[in-house]
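Chain by chain, the residues run as shown.
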Amino acid sequence: MSETEVTTAPRPLLLADDRPAARAWTLDPALRHLNHGSFGAVPLAAQERQQELRARMESAPVVWFSELPRRLAAARTDLAAFLGAAPGDLALVPNASAGASVVYAGLERRGGGEIVVTDHGYGAVTMGAERLARRWGGRVRTARVPLDAGEEQAYEAVMAEVGEATGLVVVDQVTSATARRLPVERIAARTRRLGIPLLVDGAHAPGLIAAPLDGWDGDFWTGNLHKWGCAPRGTAALVARGPLRDGLYPLIDSWGAADPYPERFDHQGTLDATGQLAAPAALGFVDSVWGWPAARRYMDELAGYGARIVGAALAGLTGADASVDVGMPVPGMRLVRLPDGLGADRLAADALRDRAPAELGVEAAFTSFGGVGYLRLSAHVYNTAEDYEYFAEKCVPVLGEWARAAR
Ligand SMILES: Cc1ncc(COP(=O)(O)O)c(C=O)c1O
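Analysis parameters
- Residues numbered from 1 in each chain as written.
- Predicted model: local features only at pLDDT ≥ 70, side-chain atom pairs only at ≥ 80, totals over all residues.
- Heavy atoms only, no water.
- Helix = DSSP H or I, 4+ residues; strand = E, 2+ residues; numbered from the N terminus.
- Rg over C-alpha atoms; globule rule 2.2 N^0.38 Å.
- Buried < 20%, exposed > 50% of the residue type's maximum accessible area, 1.4 Å probe, protein only.
- Contact = heavy atoms within 4.5 Å.
- Areas by Shrake-Rupley, 256 points an atom, 1.4 Å probe, with all protein chains shown as cover.
- Lys, Arg positive; Asp, Glu negative; His and termini not counted.
- Charge placed at Lys NZ, Arg CZ, Asp CG, Glu CD.
- Patch = residues over 30% accessible without salt bridge, like charges linked within 9 Å, V, L, I, M, F, W, Y side chains within 5 Å.
- Salt bridge = Lys/Arg side-chain N within 4 Å of Asp/Glu carboxyl O.
- Pairing = 2+ DSSP bridges.
- Axes fitted to C-alpha atoms, helices over the stretch in contact; angles between N-to-C directions.
- Left-handed = near helix turned anticlockwise from the far one by under 90°.
- Nonpolar A, V, L, I, M, F, W, Y, C, P; charged D, E, K, R; others polar.
- 1 Å grid on protein atoms, 1.4 Å probe; cavity = no way out; pocket = protein on both sides within 12 Å on 5 of 7 lines; lining within 4 Å.
- Points joined across faces, edges and corners; volume = space filled by probe spheres on them.

(A) A look at the overall build of the chain. Per the secondary structure count, the chain includes eleven helices and twelve strands. Its C-alpha radius of gyration of 21 Å places the chain within 12% of the 22 Å reference for a compact globule of 407 residues. In terms of principal-axis extent, the alpha carbons of the chain reach across some 60 × 55 × 35 Å. Relative to its 407 residues, the chain shows a buried fraction of 54%. Sequence separation of 24 or more characterises 72% of the internal contacts of the chain that already satisfy a separation of 6 or more. Surface accessibility of the chain: about 16900 Å² in total, with carbon and sulfur atoms responsible for 51%. Taking the average location of the 41 positive side-chain charges in the chain and that of its 49 negative ones, the two points are 2 Å from each other.

The structure is reproduced here in structure tokens:
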């Protein structure tokens, strides 16, 4: 449990004119939206900014595209400040998957071609590592990190797989299926001393963790602004330091090829980059209404409250403790254990996610780890205690029926 775990419901956040925070988004009020973590949600202020930029693009496309690299460079500076990165280290990419792909494409074979990942890694990013290992004629080694492992145990589990044959280490800053942190700073310090490149998958970090790159001294980091930062989709950062970054190129080869890193990423052919340019409006919106520290506090308190009441409802149903002891918990997300028989693997968990809107009236994340199914609760500023009370009261009994049918 997080240090800020609460037992009472936090008071809903309001807009400056006292309307509920959700009014600043365009989420369908017929559904409860308990899965901000997967795809984010864009506030109206940023949608309007993007629309404005699109109108400008359509009014004079030739002028727009000639000015685009300059605009993107300005957006990079704003986003770098939010992340605690140096603007000269940050390239814009469409998503964290692209950030990882750029690194995989740009890195020459090293060591014995082995790549170390963890069993908490995001499936698609791990599959990319497997393809790279095949290309390198090496293999992937998977560090097993127990869900409840604290910093020391997690660090040791990862480093136990690292050796002379290691050519790359890939570790999540915040894990997707298990909503926990991994000790990336410590791993970075060690791999740097060993001269082994490290890719940190920080897809969930921006917005959830204050200045996630402050003091960062690793080789490669990628993270999404379109998750917790609420930016329009297609907005992610790749942060790279050290000489290896000279080998990184955008996935779309274009006129920036002769430019240095990161400017070469400001040229990716004819693309609609209005989402990336509107990203600072999303960050600025949350900042101007609540301030990010207060927003994060609220998100964490609310997720803790949600997990407690949903967990209690599940325990009432099954008689089994549904609370989950996550080592290094992350603010704003929590796991609750599903009844036996539900979500035992990724496909089963995805099937629950796909049923939930129509049958439960919620958008929710169901995940799987080590053969156990979990409900991963997210909380953003537009969520309220009532969202989780609804889930506890109305959805948990249905989950019980699903579990009985699955046995
Ligand atoms: C840890 C992690 N890595 C990578 C991704 C991929 O993000 P995207 O789909 O924006 O590329 C996600 C998405 O949920 C994630 O959680």
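(B) Region of interest: a nonpolar patch on the surface. Where nonpolar side chains cluster on the molecular surface, the patch consists of Leu251, Ile252 and Leu271 and spans about 260 Å² of accessible area. Accessibility expressed as a relative area gives 42% for leucine 271, which makes it partly exposed.

(C) Structural detail: the sheet that holds strand β11 (residues 365-369). Taken in spatial order, the three strands of this open sheet run β9-β12-β11, and their pairing is antiparallel. The open sheet has two edge strands with one neighbour each: β9 (333-337) and β11. Ignoring strand direction, the axes of neighbouring strands in this sheet form an average angle of 35°. Judged from the five bridges that link them, β9 and strand β12 (residues 372-378) form a sheet pairing that is antiparallel. Within β12, the position partnered with arginine 337 by the bridge is tyrosine 374. The sheet strands contacting helix α9 (residues 292-318) are β9 and β12, and the helix crosses β9 at an angle near 5°.

(D) Spatial organisation of the packing of helix α3 (residues 61-83) against helix α8 (residues 274-289). At a minimum axis distance of 9 Å, the contact between α3 and α8 shows a crossing angle of 35°. Along this stretch, α3 crosses α8, giving a crossing that reads as left-handed. Each of Trp64, Leu68, Arg71, Leu72, Ala75, Asp78, Leu79 and Phe82 in α3 lies in contact with α8, whose residues at this interface are Thr274, Gln276, Leu277, Ala279, Pro280 and Leu283. A class-by-class count of the residues in the contact of α3 with α8 yields ten nonpolar, two polar and two charged.

(E) Region of the structure containing the sheet that holds strand β8 (residues 236-240). The strand order β2-β8-β7-β6-β5-β3-β4 describes an open sheet built from seven strands, whose pairing is mixed. Two strands bound the open sheet, and with one partner strand each, they are β2 (90-93) and β4 (140-143). The mean inter-strand angle of the sheet, taken between neighbouring strand axes irrespective of direction, is 20°. Examined bridge by bridge, strand β7 (residues 220-224) and β8 share five bridges and lie antiparallel to one another. When the bridges of β8 are listed, tryptophan 221 appears paired with valine 239.

(F) Quick peek at empty space enclosed by the protein. Enumeration over the complete set of coordinates arrives at one cavity of 30 Å³ or more. What the largest cavity holds in volume is close to 30 Å³. Around the largest cavity, the lining residues are Val117, Thr118, Gly121, Tyr122, Val125, Thr126, Val170, Val171 and Asp172. For the lining of the largest cavity, the secondary-structure elements that each account for two or more residues are β3 (114-118), α5 (123-135) and β5 (166-172). Broken down by element, the lining of the largest cavity gets its largest block of residues, three residues, from β5. Tallied by class, the residues present in the lining of the largest cavity amount to five nonpolar, three polar and one charged.

Keep in mind these values describe shape, not function.
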